[in-house]
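Here is how the chains run, residue by residue.
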Amino acid sequence: SVAATAADLATFLRMLLNGGRGPDGPLLSAESFALLSARAVEIEPGWWYGYGHYTGESDGRILVGHDGGMVGYSSAMFGDWDAGFGAVAFVNGPGDPYAVTRYALDLLLAAREGRALPDPPPDEDAAVPEPAAFAGEYRGERGLLRVVADGGRCRLELPGEAAAVDLEWRGDDAFAVRHPGWERFRLRFGRDGEDGGRVIEAWHGAAWWAGEGYG
């Protein structure tokens with residue numbers, strides 16, 4: 001239950017990477033720091049939980065840190081003990097803050113060693129499980145929406161606009177709409193049954209549209 005800024009967590013992470021020392025000397029005894037980072041419980045292959053933090057092995061390097069969150073946001077703080085640097089990420093919405101910090105560590109290490117920077121990790125949530133299920137026309141007070149399936153993605157065609165808008169899959173039959181005229185609500189779709197029936201409606205904030213199979 002820590003509430004902190006990114007700068008606060010960076011300071012805390014710096015203490016961890018320095019073995020429990022702060023700018024003016026030790027903040028933790030050697031015994032306490034050993035408990036803090038101990039491999040007390042293996043939570044998955046290669047990762048352990050101690051008395052307050054995770055430690056794990058990645059490509060022969062030791063990582064230390066923690067993640068967490070509340071409704072609406074999540075965060076992660078991880079450092080590379082061998083390299084001596086770390087990263088903090090806050091995510092306000094969908095996303096994996098650990099993946100952000102892990103990629104930041106890979107970038108820092110590559111830059112230090114003079115290697116080419118690695119590509120970003122693939123977005124595992126980018127592909128829509130069944131794009132054809134959302135395709136069709138939806139009618140409501142805000143006019144007509146037309147969703148088209150384009151390979152493994154969906155696109156939104158709006159009245160009066162020549163270019164379609166890419167929809168970004170966010171799980172649970174919901175998409176992010178990257179359009180300057182739309183507020184940052186998810187475009188959500190409803191089905192005609194609780195067990196994955198046909199997609200029959202859509203809504204965005206207070207706006208609602210009926211699909212071709214509605215009613």
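Placed above this text is the structure.
Residues numbered from 1 in each chain as written. Predicted model: local features only at pLDDT ≥ 70, side-chain atom pairs only at ≥ 80, totals over all residues. Heavy atoms only, no water.

Now for helix α3 (residues 97-113). Helical geometry note: an α-helix holds 3.6 residues per turn, so side chains three or four residues apart project in the same direction. Taking 1.5 Å as the rise per residue, α3 with 17 residues should run 24 Å; its terminal C-alpha atoms sit 25 Å apart, in good agreement. Those residues of α3 not exposed but buried are Pro 97, Thr 101, Arg 102, Leu 105, Leu 109 and Ala 110. Check the buried side of α3 and you find it contacts β5 (54-58), β6 (61-70), β7 (73-80) and β8 (85-91). Residue Asp 96 occupies the N-cap position of α3, its side-chain oxygen lying 3.0 Å from the main-chain nitrogen of Tyr 98. Looking one or two residues past α3, Gly 114 carries a phi angle of roughly 75°, positive in sign. (Helix = DSSP H or I, 4+ residues; strand = E, 2+ residues; numbered from the N terminus. Expected span 1.5 Å × (residues − 1). Buried < 20%, exposed > 50% of the residue type's maximum accessible area, 1.4 Å probe, protein only. Contact = heavy atoms within 4.5 Å. Polar contact = N/O pair within 3.5 Å; in protein donor to acceptor, adjacent residues only side chain to side chain.)

Across five bridges, β5 lies against β6 in antiparallel orientation. Along β6, the bridge assignment pairs Gly 56 with Leu 63. The antiparallel pairing of β5 with β6 creates a hairpin that spans two residues between the two strands, and Asp 59 there sits at a positive phi of about 55°. Where β6 and β7 come together, eight bridges link them in antiparallel fashion. Of the residues in β7, the one forming a bridge with Gly 68 is Ser 75. Where β6 folds back on β7, the antiparallel hairpin that results is connected by two residues, among which Gly 72 adopts a positive phi of roughly 100°. (Pairing = 2+ DSSP bridges.)

On to the packing of aromatic side chains, then. Taken as a whole and judged by the stated rule, the model has 13 aromatic pairs. A ring pair is formed by Tyr 138 and Phe 189, whose centres lie 5.4 Å apart and whose planes are at 65°; its orientation type is edge-to-face. Of this pair, Tyr 138 sits in strand β9 (residues 136-140) while Phe 189 sits in strand β14 (residues 187-191), and the two are 51 residues apart along the sequence. Look at Phe 189 and you get buried, because its relative accessible area is 5%. Every member of this aromatic cluster is reached through a ring pair, and the members are Phe 134, Tyr 138, Trp 169, Phe 175 and Phe 189. For Arg 39, the ring lying beneath its charged end belongs to Trp 48, and the centroid distance is 4.1 Å. In this arrangement the basic side chain of Arg 142 is found over the ring face of Trp 182, its NZ or CZ atom lying 5.0 Å from the centre. (Phe/Tyr/Trp six-rings, centres within 6.5 Å; stacked < 30°, edge-to-face > 60°. Lys NZ or Arg CZ within 6 Å of the ring centre and 35° of its normal.)

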